[in-house]
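Overview (structure and organization)
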Amino acid sequence: MSTLLIENSCQLQGTVNISCAKNAILPIIAASLLTEDKCILEDVSALEDVKVMIEVVNSLGAEVKLNKDDVLEVSAKKILSQDADYDLIRKMRASFLIMGPMLARVGKVKISLPGGCAIGSRPIDLHLKGFAAMGANITLGHGYIEAHADKLKGESIYLDFPSVGATENIIMAACLAEGVTIIENAAEEPEIVDLANFLSKMGAKIKGAGTDTIKIEGVRSLKGTTHVAIPDRIEAGTFMMAAAATRGDVLVEGVVPEHVKPITAKLKEMGVEVFEYEKSIRVKATERLKSVDIKTMPYPGFPTDMQSPIMSAMCVAKGTSVITETVFENRFMHISELKLMGAKINVDGRSAIIEGTERLSGAKVKATDLRAGAALIISALCAEGRTEISEIYHIDRGYINIEEKMRKLGANITRVE
Ligand code: EPZ
């Protein structure tokens, strides 16, 4: 098992380039199942989660290849199987996003219930509510879901919670349904807009992506297309937070400033200078951060995926901060690891109270989920002495070459196999 070793603290300086968004690429790979033509996705980093999604669509019969210059080709000319590989689906929740495309394309799918994970039970009731409303016949049993529909029919669907995955799955199913589907209380994340842009290039008729009401008019078929996904706003936010926490001066290149507005706003409240350019953002922190209160919300609110990274920054801020996690019910697993490093944090229900200290101290810690792992890198950079982070496979799921990118900014960080 490999670990990350981080020595001492440093002020990050320099430029970092942001990769394409994992959470845009994953639904777009699933959407490629909607056509028998070839779809080409450029600038695709070989993230662990991307590799799993490639295996999933491959197991259904699609020809998939990610070549060395990060170009991903998916040709779902023939869907040979309707049974998604049980282990693969349980490995990564996002693989559940094949359900909508499979129902739309072949009208049948057998898929394991996606496992919960460290951050919560992760139910799929809203996905299934959408498919059932469109006429799919769904049966559950033995850890599997079986669904079939001769022809999905457009319907009006209200989402009790603006679920990102449910919005994406229902959009994909609706693209080939008969008639018009309207999703109300839809998620508004930029990744939804990117998926809708990809589908529109394939010939889908989608209006309202990025708002809480999305209208999809079903068409008879879709064609292949080429696409470059949006930059990863959470990777960008992670580096912005690292720069602020280490009192550094970093230019984050290849980012859409609009997509990280909630993070920029909070950094400014913490006393950080943030300069927005057309496709980049400069974060400059000279003083110790001020404490700030955060409530995670669906987009355009403060993203839950940035909750642990900003908590690391709050651990060394001046004063007491409060974070309330409203999106997932169990996304505080990183707190016990931060406390090993001397952080002063108390949990009260869905809120964490963080009393800032001057310095943290290096320790042996473990990543408990993707973003928690990234948060531990930030806290390690703010600590005296050596920090060893284990179970870093979590980090590799969503960050490509994070230690190289951090090292280029001056961090003393090495991966030990
Ligand atoms: C997506 O997960 C992201 N993953 C997550 O990023 C992100 O944290 C999350 O959206 C919220 O922004 C991908 O895009 C691959 P949800 P998703 O459905 O779609 C409840 C990362 O670190 N819910 O919006 O699974 C659910 O329990 C990952 O990159 C239902 O109740 O999130 C949760 O409390 C972590 N019923 C809330 O909605 C449902 O049917 C948000 O979940 C579906 C969801």
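Scroll up to find the structure.
Keep in mind it's a predicted model, so treat the numbers as computed, not measured.

Section: helix α12 (residues 370–381)
The terminal C-alpha atoms of α12, which comprises 12 residues, lie 18 Å apart, in line with the 16 Å expected from a rise of 1.5 Å per residue. Extensive coverage of α12 is indicated by the burial of 12 of its 12 residues. For α12, every residue scored as buried is listed here: L370, R371, A372, G373, A374, A375, L376, I377, I378, S379, A380 and L381. Two or three places before R371, at the start of α12, stands the capping residue D369, its side-chain oxygen 2.8 Å from that residue's backbone nitrogen.

Brief notes about the packing of helix α10 (residues 307–315) against α12
Packing of α10 against α12 leaves a shortest axis separation of 7 Å and a crossing angle of 20 degrees. With respect to α12, the element α10 is oriented roughly parallel. Pair α10 / α12 crosses with right-handed handedness. Listed contacts from α12 to S308, P309 and S312 of α10 are R371, A372, A375, L376, I378 and S379. Looking at the contact of α10 with α12 residue by residue, the classes come out as five nonpolar, three polar and one charged.

Notes on the sheet that holds strand β11 (residues 205–207)
Pairing is mixed across the open sheet formed by four strands, whose spatial order is β9-β10-β12-β11. The outermost strands of the open sheet, each flanked by one partner alone, are β9 (156–158) and β11. Averaged over all neighbouring strand pairs, the angle between strand axes comes to 15 degrees, with direction disregarded. By the bridge criterion, three bridges tie β9 to strand β10 (residues 180–184) in an arrangement that is parallel. Of the residues in β10, the one forming a bridge with S156 is I182. Packing of helix α6 (residues 164–174) onto the sheet brings it into contact with β9, β10, β11 and β12 (213–217), and relative to β10 it is tilted by some 170 degrees.

Here's the deal with the environment of N346
By the secondary structure assignment, N346 is in strand β19 (residues 344–348). The exposed category is assigned to N346, whose relative accessible area is 51%. Note: C-alpha distance between N346 and V322 (24 residues apart in sequence) is 9.6 Å.

Some thoughts on the nonpolar core
Judged by nonpolar contacts, the single largest core of 81 residues is most densely connected at I98, M99 and L199. Residues contacting I98, with those up to four places away along its chain left out, are A30, L33, V56, V57, L60, A84, I89 and I111. Counting residues in each nonpolar core, the second largest holds 69 residues, with A242, A244, A245 and M270 among its members.

Some remarks on the side chain of T246
Among the secondary structure elements, T246 is positioned in the loop between α8 (233–245) and β14 (249–253). Polar contacts involving the side chain of T246 include one to the main-chain amide nitrogen of L12, which spans 3.3 Å. Setting aside residues no more than four positions away along its own chain, T246 makes contact with C10, Q11, L12, L381 and C382.

Notes on the pairing of strand β8 (residues 144–148)
Burial along β8 is one-sided: I145 and A147 are buried, while Y144, E146 and H148, pointing the other way, are not. In this structure, strand β6 (residues 108–112) lies alongside β8, joined through five bridges in antiparallel fashion. Paired with K110 across the two strands is E146, which belongs to β8. Linking two consecutive strands that pair antiparallel, namely strand β7 (residues 137–141) and β8, is a turn of two residues; a positive phi of about 55 degrees is found at H142 within it.

Some words on the packing of aromatic side chains
Throughout the structure, instances matching the rule amount to one aromatic pair. The ring centre of Y144 lies 4.5 Å from the NZ or CZ of K110, which sits over that ring.

Digging into unusual backbone geometry
With an omega of 10 degrees, the peptide bond between Y299 and P300 qualifies as cis. Its location among the elements puts P300 in the loop between β17 (294–296) and α10. Here E391, not a glycine, exhibits a phi torsion of approximately 55 degrees, which is positive. In this model, N401 sits at a positive phi of 50 degrees, which is unusual for a non-glycine residue. Relative to the helices and strands, N401 resides in the loop between α13 (393–396) and α14 (402–408). N401 sits in the partly exposed class, given a relative accessible area of 39%.

Thresholds, definitions, all that
- Residues numbered from 1 in each chain as written.
- Predicted model: local features only at pLDDT ≥ 70, side-chain atom pairs only at ≥ 80, totals over all residues.
- Heavy atoms only, no water.
- Helix = DSSP H or I, 4+ residues; strand = E, 2+ residues; numbered from the N terminus.
- Expected span 1.5 Å × (residues − 1).
- Buried < 20%, exposed > 50% of the residue type's maximum accessible area, 1.4 Å probe, protein only.
- Polar contact = N/O pair within 3.5 Å; in protein donor to acceptor, adjacent residues only side chain to side chain.
- Axes fitted to C-alpha atoms, helices over the stretch in contact; angles between N-to-C directions.
- Parallel < 35°, antiparallel > 145°, perpendicular 65-115°, else oblique.
- Left-handed = near helix turned anticlockwise from the far one by under 90°.
- Contact = heavy atoms within 4.5 Å.
- Nonpolar A, V, L, I, M, F, W, Y, C, P; charged D, E, K, R; others polar.
- Pairing = 2+ DSSP bridges.
- Core = buried A, V, L, I, M, F, W, Y, C linked by side-chain atoms within 4.5 Å.
- Phe/Tyr/Trp six-rings, centres within 6.5 Å; stacked < 30°, edge-to-face > 60°.
- Lys NZ or Arg CZ within 6 Å of the ring centre and 35° of its normal.

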